[in-house]
Amino acid sequence: MKKFIVTIAAVLTLVASALPAMFASANEAGPLESVAISPAPALVAANGIQQFTAVARNAGGHAVSNVTYNWSVVAGGGTINATSGLFTAGNDTGTFNGTIQVTAAQGNVTLTANATVIVAVPGQLVSLEVHPEAVTLPVNGTQQFTAVAKDAF
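Residues numbered from 1 in each chain as written. Predicted model: local features only at pLDDT ≥ 70, side-chain atom pairs only at ≥ 80, totals over all residues. Heavy atoms only, no water.

Novice: Could you give me a rundown of the sheet that holds strand S5 (residues 68–73), with the residues and numbers involved?
Specialist: Read from one edge to the other, the open sheet built from 4 strands follows the order S2-S9-S8-S5, with strand pairing classed as mixed. If you trace the sheet from one side to the other, it starts and ends with strand S2 (42–45) and S5, each paired once. Neighbour-to-neighbour, the strand axes of this sheet turn through a mean angle of 30°, independent of strand direction. In terms of strand pairing, strand S8 (residues 94–106) meets strand S9 (residues 109–120) through 10 bridges, oriented antiparallel. Considered in S9, the bridge of Gln 106 is made with Val 109. (Pairing = 2+ DSSP bridges. Helix = DSSP H or I, 4+ residues; strand = E, 2+ residues; numbered from the N terminus. Axes fitted to C-alpha atoms, helices over the stretch in contact; angles between N-to-C directions.)

Novice: Please give an account of the sheet that holds strand S7 (residues 86–89) that cites residues and values.
Specialist: Pairing within the open sheet is antiparallel, and its 3 strands lie in the order S3-S7-S6. Here the strands that pair on one side only, and so sit at the sheet edges, are strand S3 (49–51) and strand S6 (78–80). In this sheet, neighbouring strand axes are inclined to one another by 20° on average, regardless of whether the strands run parallel or antiparallel. Pairing analysis gives 3 bridges linking S6 to S7, with the strands arranged antiparallel. Bridge pairing in S7 links Thr 79 to Thr 88.

Here it is as structure tokens:
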């Protein structure tokens, strides 16, 4: 009986140690099924910058980690770093439909996704914030304030 209990304990230990690896491979392994860009769409000020990210997923909807991404601009609006996804808007304003493109590759599977960019000129002042909002000072005390002016962006 003692040998039987030891055998069961050994089997349970082996199964328990294998479970995390089994679930990790189901969650992180491919094959690559879809890729999505964020943000989509993106509102960017003329000559402004926007960081794009991509997430590849397997058929179960879990993020896949062993994917190579390549970024490009296909319909104007600015430029993008091919490896980092950092977009720099140009001077021309407008809506650039599907202009940001990412190609996700895993082994022999390659997928693409696109995102629209809206490049606009920053508008008029819509709010002004002063920080800190409230402060209590002793007589002859000093306090540094900062102001932040914001437009619709």
